[in-house]
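One-letter residues, chain by chain:
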Amino acid sequence: MKQPLSKKRKIYEVLMKALMLLAVGLTAALVLFLLVYVIVKGVPNITWELLSTKPSYLTGRIGILPDILNTLYIVIATLVIVLPLGVGAAIYLTEYASNQRIVSIIEYAAEILSGIPSIIYGLVGMLLFSNNMGTCLMAGALTLVIMNLPTIMRTTQESLKTVPRSYREGAFGLGAGKWRVVRTVVLPGCVDGVITGCILSVGRILGESAALLFTAGFAHAVNGIIEGLASPGATLTVALYVYAKEQGEFGVAFAIAAILMVLTILINFATTTVQKKFAKKRS
Amino acid sequence: MNSIISVKDMCLWYGDHQALKNLNVEIPEKSITALIGPSGCGKSTFLKTLNRMNDLIPGVRITGDIRYKGADIFDKEVDVSNLRKEIGMVFQNPNPFPMSIYNNVAYGPRTHGITNKVQLDEIVERALRDAAIWDEVKDRLKKNALGISGGQQQRLCIARALAVQPTVLLMDEPTSALDPISTSRIEELILELKEKYTIVIVTHNMQQAVRVSDYTAFFLLGELVEFGRTEDIFSQPMDKRTEDYITGRFG
Ligand SMILES: Nc1ncnc2c1ncn2[C@@H]1O[C@H](COP(=O)(O)OP(=O)(O)O)[C@@H](O)[C@H]1O
Ligand SMILES: [Mg+2]
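Computed from a prediction, not measured in an experiment: that's the story for all the values here.

Visitor: What am I meant to see in the overall build of chain A here?
Guide: Assigned secondary structure in chain A consists of 13 helices and 0 strands. Its helices and strands taken in sequence order, chain A reads α-α-α-α-α-α-α-α-α-α-α-α-α from the N to the C terminus. Principal axes of the C-alpha set define a box for chain A whose edges measure 70 × 70 × 35 Å. By residue count, 42% of the 283 residues in chain A fall in the buried class. For chain A, the accessible surface area stands at approximately 15800 Å², while carbon and sulfur atoms represent 71% of it. Chain A carries 24 positive and 13 negative side-chain charges, and their two centres are separated by 13 Å.

So, in structure tokens, the structure goes:
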């Protein structure tokens, strides 16, 4: 039944294929350009001094150690708060809640929450937290907690749903109570979801600027974690904004950009590794 | 015969759908009772009612009376956890937990508060011996239970159920997912267990019912059509429907 394509048809086919190739090529080229551009402009500016000092107005030296520490503190504080909340909520919704309508309303709300522009979180965070506790990393972390709660909750929920019902039945059949079943049989089965959620959240926190501009401030002081969380401070992303926009220090900005870029790639890599590893374990 | 579980006028609904209708039956102690009947007639539902596993399904409503050793199992005072310790369960598909063989068997005793290592070791060994799987796994107790064959997994699940020292063992088509060799091993095992336990087993396989059971209950469309000694049910059924079923005319 093979008929030669008509000439017109053939040209059309070739043309469409060419257009699609062009689109793919353009996308790849853009990504590659961005990567190379940032790396080329940024990497030469990454020096040990930049990484290990704080800025000094006296000497005009710029160092991003405080921003690195601030980022670390805010990631830790956010995860420490958001993990129990998100995982707890997910467990409640999938294992305990009996009213399915309320569950789907909450799931729907979480869905919407994760699509809201981050600047709105910043605004709300400022009113809720910064106006009460002052502009500080903790206020920023609390804002990020609200932002990342849906992510942690959803990824945990998704993986809770993959724990076979037969495990739960087996445990209940032995006389185990609800909490014991959850703790010993269900939770170990959803570790991958929690880890995936964590990695996604870390990525989001690293990339967040709008919400933090409102809440965490711009300071570049080196502090311990407790003091750091109680004082204003810029994360890497915020520092990038400040150095580029307000001080015209593009070298430093690109150095930070290159660091963030590498971290993002690492996080992407980590996510796929975790997912692959657990997918293998399941089958 | 002494009955250990007695069911009176029991009905069960899944929402609006009535799955069990007016059941009356006495389960004899230290013997094997087979539940037979076509698919969807309510065998599993009935089995799961006996240790209240149906509590886990939303929308289930039960009327009537079920007594275990004379006590109402639906009484508010009853601790479901203890009821399930007394009346254990083995499921259709082997469902060991994704943990070590040892921890699988120790799961039940630990649930009921046994933490002493020596005592646990003893219980685990005895349960695995009773389930006729000790020799096959004794060298790899710390290995993941998902790594053994399906037939071994099912015997492990039986060991896991035995480890809490139940009185009654409910088995829902325990061999339907297994090959013939594993099936006959489990049948032998069931016959040995009869000395110490009361067993209620759902089976799709008429020969299996004849081979292992002392009593047979025939279910049809949610009703208990006939209950009696297995040899009587299979040689001279009272009800025409029972006869049609066991001679393979439907089902
Ligand atoms: N969880 C459930 N929800 C609603 N209906 C159910 C549920 N489980 C079983 N049923 C229904 O109850 C009837 C009996 O099912 P079941 O006890 O599984 O039968 P059997 O084990 O004899 O094959 C069937 O009609 C089935 O569709
Ligand atoms: Mg069934």
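Visitor: Is there a simple way to think about the confidence of the model for chain B in this case?
Guide: Parts of the model with low pLDDT should not have their predicted coordinates read in detail. Across chain B, pLDDT averages 94, with 99% of residues at or above 70. Listed scores for the predicted complex are pTM 0.82 and ipTM 0.93.

Visitor: Can you help me understand the site of ligand 1 in this one?
Guide: Residues and elements named next belong to chain B. By nearness alone, every residue bordering ligand 1 is listed as Tyr14, His17, Ala19, Ser39, Gly40, Cys41, Gly42, Lys43, Ser44, Thr45 and Ile57. At a separation of 2.7 Å, an oxygen atom of ligand 1 approaches a polar backbone atom of Gly40. Contact distances for ligand 1 include 2.4 Å between an oxygen atom and a side-chain N or O atom of Thr45. Protein burial of ligand 1: of its 560 Å² of free accessible surface, 62% is covered by the chains. Broken down by secondary-structure element, the contributors of at least two residues to the shell around ligand 1 are β2 (17-28) and α1 (43-50). The dominant element in the shell around ligand 1, judged by the number of residues it contributes, is α1, at 3 residues. Residues of the shell around ligand 1, tallied by class, amount to 4 nonpolar, 6 polar and 1 charged.

Visitor: Please clarify how the side chain of Thr215 of chain A should be interpreted in this entry.
Guide: On the secondary structure map, Thr215 of chain A appears in helix α10 (residues 210-215). Those residues within four positions of Thr215 of chain A in sequence are excluded, and the remaining contacts are Gly122, Gly125, Met126, Ser130, Thr135, Cys136, Ala139, Gly140 and Thr143 of chain A.

Visitor: Help me out: how do you make sense of the interface of chain B and chain A in this one?
Guide: Interfaces are often described in size by the accessible area the parts lose on coming together. Across the boundary between the two partners, chain B contributes 20 residues, which contact 14 residues of chain A. Roughly 1400 Å² of surface becomes buried between chain B and chain A when both sides are summed, with 64% attributable to carbon and sulfur atoms. The tally of links between chain B and chain A comes to 0 salt bridges. At the surface where chain B touches chain A, the tally comes to 6 residue pairs in polar contact (both at pLDDT 80 or more). Elements with a contribution of two residues or more to the side of chain B that touches chain A: α2 (80-86), α3 (101-111) and α6 (150-162) of chain B. Here the side of chain B that touches chain A gets 4 residues from one element, more than from any other, and that element is α3 of chain B. Split by residue class, the side of chain B that touches chain A holds 11 nonpolar, 6 polar and 3 charged.

Visitor: How should the domain arrangement of chain A be read in this particular structure?
Guide: All names here are of chain A. Taken domain by domain, chain A comprises domain 1 (7-45) and domain 2 (48-282). The C-alpha-based centres of domain 1 and domain 2 are spaced at 33 Å. Counting residues at the interface gives 8 residues for domain 1 and 8 residues for domain 2. Carbon and sulfur atoms make up 87% of the surface buried where domain 1 meets domain 2, a total of about 680 Å² over both sides. It is Leu35, Val38 and Asn45 in domain 1 that bury the most area against domain 2; as a group they hold 58% of the surface buried on that side. Counting across the domain 1 and domain 2 interface gives 0 salt bridges. Of the residues belonging to the side of domain 1 that touches domain 2, the class tally is 5 nonpolar, 2 polar and 1 charged.

Visitor: I tried to follow the pattern of salt bridges on my own but got confused; where do I start?
Guide: Pairing of side chains with opposite charge becomes possible as their charged atoms draw close. Within this structure, the stated rule accounts for 21 salt bridges over all chains. Here Lys196 of chain B and Asp130 of chain B are joined by a salt bridge, their closest N and O atoms 3.2 Å apart. Placement of the pair is Lys196 of chain B in the loop between α7 (180-193) and β8 (198-202) and Asp130 of chain B in helix α4 (residues 117-130), with a sequence separation of 66 residues. The shortest N-O distance in the salt bridge between Lys240 of chain B and Asp244 of chain B comes to 3.0 Å. Here Asp244 of chain B and Lys240 of chain B lie together in helix α10 (residues 240-246), a separation of 4 residues that amounts to about one turn. Residue class for Lys240 of chain B comes out exposed when judged on its relative accessible area of 52%. What makes Asp244 of chain B buried here is its relative accessible area of 15%. Each of Glu107, Glu111, Arg154, Glu158 and Lys161 of chain A takes part in salt bridges that share partners, so that together they form one network.

Definitions and cut-offs
- Residues numbered from 1 in each chain as written.
- Chains lettered and ligands numbered in written order.
- Predicted model: local features only at pLDDT ≥ 70, side-chain atom pairs only at ≥ 80, totals over all residues.
- Heavy atoms only, no water.
- Helix = DSSP H or I, 4+ residues; strand = E, 2+ residues; numbered from the N terminus.
- Buried < 20%, exposed > 50% of the residue type's maximum accessible area, 1.4 Å probe, protein only.
- Areas by Shrake-Rupley, 256 points an atom, 1.4 Å probe, with all protein chains shown as cover.
- Lys, Arg positive; Asp, Glu negative; His and termini not counted.
- Charge placed at Lys NZ, Arg CZ, Asp CG, Glu CD.
- pLDDT = per-residue confidence, 0-100.
- Near = heavy atom within 4 Å.
- Polar contact = N/O pair within 3.5 Å; in protein donor to acceptor, adjacent residues only side chain to side chain.
- Nonpolar A, V, L, I, M, F, W, Y, C, P; charged D, E, K, R; others polar.
- Contact = heavy atoms within 4.5 Å.
- Buried area = accessible area lost by both parts, 1.4 Å probe.
- Salt bridge = Lys/Arg side-chain N within 4 Å of Asp/Glu carboxyl O.
- Domains from an automatic or database assignment.

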